[in-house]
Structures are given as C-alpha cells and as structure tokens.
Amino acid sequence: MKSKNAMAIRCSSLVLIVVLGVSAWSMPATASEPCCSITALDARTQMVTARETRTGRTFQFKVADTRLLSALRIGQPVHADFKTMKVSVQPDALEPCCNVVNLRTPVTTPIR
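Please read all numbers here as calculations on a predicted model, not as lab measurements.

## What to know about the side chain of Gln 60
Thinking step 1. One can find Gln 60 in strand β3 (residues 58–62).
Thinking step 2. One polar contact links Gln 60 to Thr 49, side chain to side chain, over a distance of 3.3 Å.
Thinking step 3. When near neighbours in sequence (up to four residues on either side) are disregarded, Gln 60 contacts Met 47, Val 48, Thr 49, Asn 99, Val 100, Val 101, Asn 102 and Arg 104.

Here you go:
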C-alpha cells in the first residue's frame, strides 16, 4: 500500500495539471503573425491595397479614419481574416479597423 504522502503528492500533481490545462484553454488567443502587407495607398478614395504573403492574392480595404490612413505605410504588415472579411493594422490583431471590400485571386501563368 502506498504511503499517504505519496498519494497526496500524486493528487496535488493531478490537480495542478488540471488547473494549468483549464487556464491555458481559457486564455485569450495570442496574436498570430501578420499574413499580409500593404502594397498601395490611395488617400483620395481611402482605399488600401494589400497582398497576402502565402498565396499572392491581393485585396483592398477601406479606411474611414483619416488619422489611421495617414499613419499607414507601404510594406507595413497587416492581419486579415478572410472568413469575417475584417482587417487589423494593429500588431496584436485584436481590434479590426476595416472591412475587405475587394478580394482578387492571384494571376497565374498557364502551363504550355
């Protein structure tokens, strides 16, 4: 029969594992790496063009906030969620600022 001390340690360890597992599950998701970068800015129309790094497809999003628009730069990384069609220009990607308004597939050269 195991000693009471060994059983207490084993129970404590099990409780700790469960607590850590629940804590990790309930923590908010951390920001992922930006998927895209800005390739063009049009202050007149308030449209920003960006390219998705992985696929090469481009998209545009409209920035209604003129202060935010003036702070954006070509080459700046952005986060885009193509399921919700939202864009975030913040490093943490937690606050979307804009909506994707035009999504284009990359042009491919046909195989001959």
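## Quick notes on the state of the cysteines
Thinking step 1. Evaluation of the coordinates by the stated rule reveals 2 disulfides.
Thinking step 2. Across the disulfide, Cys 35 is cross-linked to Cys 36 (sulfur-sulfur distance 2.4 Å). With the S-S dihedral at roughly -80°, the linkage between Cys 35 and Cys 36 falls on the left-handed side.
Thinking step 3. On the accessibility criterion, Cys 35 (22% relative accessible area) is partly exposed.

## Examining the pairing of strand β6 (residues 98–104)
Thinking step 1. Inspection of the sheet shows β3 paired to β6 by 5 bridges, in the antiparallel sense. Each residue of the ladder has a partner; that of Lys 62, found in β6, is Asn 99.
Thinking step 2. Both strand β5 (residues 86–88) and β6 contribute to a ladder of 2 bridges, which runs antiparallel. Considered in β6, the bridge of Lys 86 is made with Asn 99.

## A look at the pattern of salt bridges
Thinking step 1. Applying the stated criterion across every chain, the model contains 2 salt bridges.
Thinking step 2. The salt bridge involving Glu 52 is made with Arg 54; its shortest N-O contact spans 3.8 Å.
Thinking step 3. The residue Arg 57 makes a salt bridge to Glu 52 at a minimum N-O spacing of 2.6 Å.
Thinking step 4. With a relative accessible area of 22%, Arg 57 lands in the partly exposed category.
Thinking step 5. Residues joined in a network through salt bridges with shared partners are Glu 52, Arg 54 and Arg 57.

## So, unusual backbone geometry
Excluding glycine, a negative phi dihedral is what most residues carry, and trans is how most peptide bonds are arranged.
Thinking step 1. Although it is not a glycine, Met 85 sits at a positive phi angle of roughly 60°.
Thinking step 2. The topology assignment puts Met 85 in the loop between β4 (77–81) and β5.
Thinking step 3. Positive phi outside glycine occurs at Ala 93, with the angle close to 60°.
Thinking step 4. Within the element layout of this structure, Ala 93 appears in the loop between β5 and β6.
Thinking step 5. Classification of Ala 93 as partly exposed rests on a relative accessible area of 26%.

Definitions and limits used
- Within every chain, residues take consecutive numbers counted from 1 along the sequence as written.
- Only residues with pLDDT of at least 70 get local features here, since the model is predicted, and only at 80 or more are side-chain atom pairs given and counted; chain-wide, interface and lining totals rely on the full set of residues.
- The side-chain figures draw on all heavy atoms in the structure; neither hydrogens nor water molecules are used.
- Secondary structure is summarised from DSSP: a helix means a run of H or I of at least four residues, a strand means a run of E of at least two, and numbering begins at the N terminus for each.
- Side-chain atoms alone can form a polar contact between residues adjacent in sequence; in general such a contact is a pair of N or O atoms within 3.5 Å, and within protein one must be able to donate a hydrogen while the other accepts it.
- When checking whether two residues touch, look at their non-hydrogen atoms; a contact exists if any pair is within 4.5 Å.
- Throughout, a disulfide means two cysteine sulfur atoms within 2.5 Å of one another.
- Only protein chains enter the area calculation, which uses a 1.4 Å probe; residues under 20% of their type maximum are buried, those over 50% are exposed, and those in between are partly exposed.
- At least two DSSP bridges between two strands are needed for those strands to be called paired.
- The working definition used for a salt bridge is a side-chain nitrogen of Lys or Arg within 4 Å of a carboxyl oxygen of Asp or Glu.

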